[in-house]
Amino acid sequence: MADGLSTEKPVDLMDDYARPLCLSLAAMTTGISRDDGARLYEGARHVSAAAAEPYDHALRASAKAANAEIRRYIPSSPERLDSSGFVALSQTLPCLLGNAWFALIQYPLQWTELHQQPALIEQAIEELLRYSGLARTVTRIATADIDLNGCLIRKGEQVILRIIAANRDPDRFPQPNQVDIHRNEGAHFTLGSGSHSCVAAGLIRMAAATITRPLLERFGAPTLVSPVEWQGGSGFRFPRSLWVRLPRAPQDEARI
């Protein structure tokens, strides 16, 4: 698919690359056919939209019905991902990739460095997850009274955790509002932490690197050709499209 992307005219990295690849991955890992995956795609989009804006009751209702339909095709199984895995890979993963690629497009010199040093891709993915991770907030219920830096949180109270702020904490990450593919502090919260880590974190990291690497190897730093239209809500937001012009990669005398 990467070889088929045009360098002569603008391409949409979301619809022309990310979404079809992620749909194929979602079908493969849940054990359904690509055709069945395509049929379930629209319902999965409703589920994802409800997660992006959790306070919209209409979205929540449509997501409930869509979830029931998806479960008919993808029953729970210890060997394969279930219906939530299908939604995560077909919908959430391309949103995450769109955010990461948009961030990297803002830093073309780092795109070029990754083209020259593809071995850095896994480390770069961690930095892009930190800088442009999808989840903006999550909620938790306090299980005990706690005094946090002078703020009393009582047992049973709902706490809103701003993941996006934690990932930009200047006390943890020097120059947090910049992308630095050489950053190695780690410990971001994009895929959770400890007992609350995403169960598919390893798969997401591998898929993000695997899907991104061909773009970095084959093309020079892209340039946006139209403003980004953002979608989502208080839960997360992402580019609806990423229309770019992909230059041919410079011919390297030797890769570093």
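In what follows, the structure referred to is the one given above.
Given the structure is predicted, the values throughout are model-derived calculations rather than measurements.

**So, helix α3 (residues 57-73)**
At step 1: Given a rise of 1.5 Å per residue, 17 residues ought to cover 24 Å, and the 25 Å separating the end C-alpha atoms of α3 matches this to within 8%.
At step 2: When α3 is considered as a whole, its buried residues turn out to be A63, A66, N67 and I70. An end-on view of α3 places all buried positions within 115° of arc, on one side of the element. For α3, the exposed residues set more than 90 degrees away from the buried face come down to H57, A58, K64, A65 and R72.
At step 3: Of the surrounding elements, those touching the buried residues of α3 are α2 (34-52) and α4 (83-105).

**Describing the state of the cysteines**
By definition, a disulfide links the sulfur atoms of two cysteine residues through a covalent bond.
At step 1: This structure, assessed with the given rule, holds 0 disulfides.
At step 2: Free of any disulfide, C198 has its nearest cysteine sulfur in C22, 14 Å distant.

**As for the layout of surface pockets**
At step 1: Its boundaries defined by the atoms lining it, the largest pocket holds a volume of some 1500 Å³.
At step 2: Looking at the lining of the largest pocket element by element, the count peaks at 9 residues for α4.
At step 3: Here the residues of the lining of the largest pocket are counted per class, giving 26 nonpolar, 14 polar and 4 charged.

**Observations concerning the nonpolar core**
At step 1: Counting 60 residues, the largest nonpolar core has L13, I70, F86, L93, L97, W101 and L215 as its most contacted members.
At step 2: With 11 residues, α4 is the single largest residue contributor to this core.
At step 3: Counting residues in each nonpolar core, the second largest holds 5 residues, with C95, L134, F236 and F238 among its members.

**A few points about the side chain of S241**
At step 1: Note that S241 resides in the loop between β8 (237-239) and β9 (243-245).
At step 2: With residues up to four places along the chain from it excluded, the contact list for S241 reads D12, M14, V228 and E229.

**Focus on the packing of α4 against helix α6 (residues 121-132)**
At step 1: Their axes nearest at 9 Å, the elements α4 and α6 cross at an angle of 100°. It follows that α4 is roughly perpendicular to α6 by the angle criterion. From α4, L96, N99, A100, A103 and L104 reach across to α6, where they touch L128, L129, Y131 and S132.

**Observations concerning the sheet that holds strand β1 (residues 11-12)**
At step 1: If you walk across this open sheet you meet the 3 strands as β1-β9-β6, and the pairing is antiparallel. The two strands at the open ends of the sheet, each matched to only one other strand, are β1 and β6 (223-224).
At step 2: Note that β1 and β9 share 2 bridges and pair antiparallel. Across the sheet, D12 pairs through a bridge with W243, a residue of β9.

**What about the environment of A200?**
At step 1: Here A200 shows up in the loop between α7 (163-166) and α8 (201-218).
At step 2: Residue classification places A200 among the buried positions, given a relative accessible area of 16%.
At step 3: Through-space distance from the C-alpha of A200 to that of E126 is 15 Å; in sequence the pair is 74 residues apart.

Thresholds applied
- Residues numbered from 1 in each chain as written.
- Predicted model: local features only at pLDDT ≥ 70, side-chain atom pairs only at ≥ 80, totals over all residues.
- Heavy atoms only, no water.
- Helix = DSSP H or I, 4+ residues; strand = E, 2+ residues; numbered from the N terminus.
- Expected span 1.5 Å × (residues − 1).
- Buried < 20%, exposed > 50% of the residue type's maximum accessible area, 1.4 Å probe, protein only.
- Arc of directions from axis to C-beta.
- Contact = heavy atoms within 4.5 Å.
- Disulfide = S-S within 2.5 Å.
- 1 Å grid on protein atoms, 1.4 Å probe; cavity = no way out; pocket = protein on both sides within 12 Å on 5 of 7 lines; lining within 4 Å.
- Points joined across faces, edges and corners; volume = space filled by probe spheres on them.
- Nonpolar A, V, L, I, M, F, W, Y, C, P; charged D, E, K, R; others polar.
- Core = buried A, V, L, I, M, F, W, Y, C linked by side-chain atoms within 4.5 Å.
- Axes fitted to C-alpha atoms, helices over the stretch in contact; angles between N-to-C directions.
- Parallel < 35°, antiparallel > 145°, perpendicular 65-115°, else oblique.
- Pairing = 2+ DSSP bridges.

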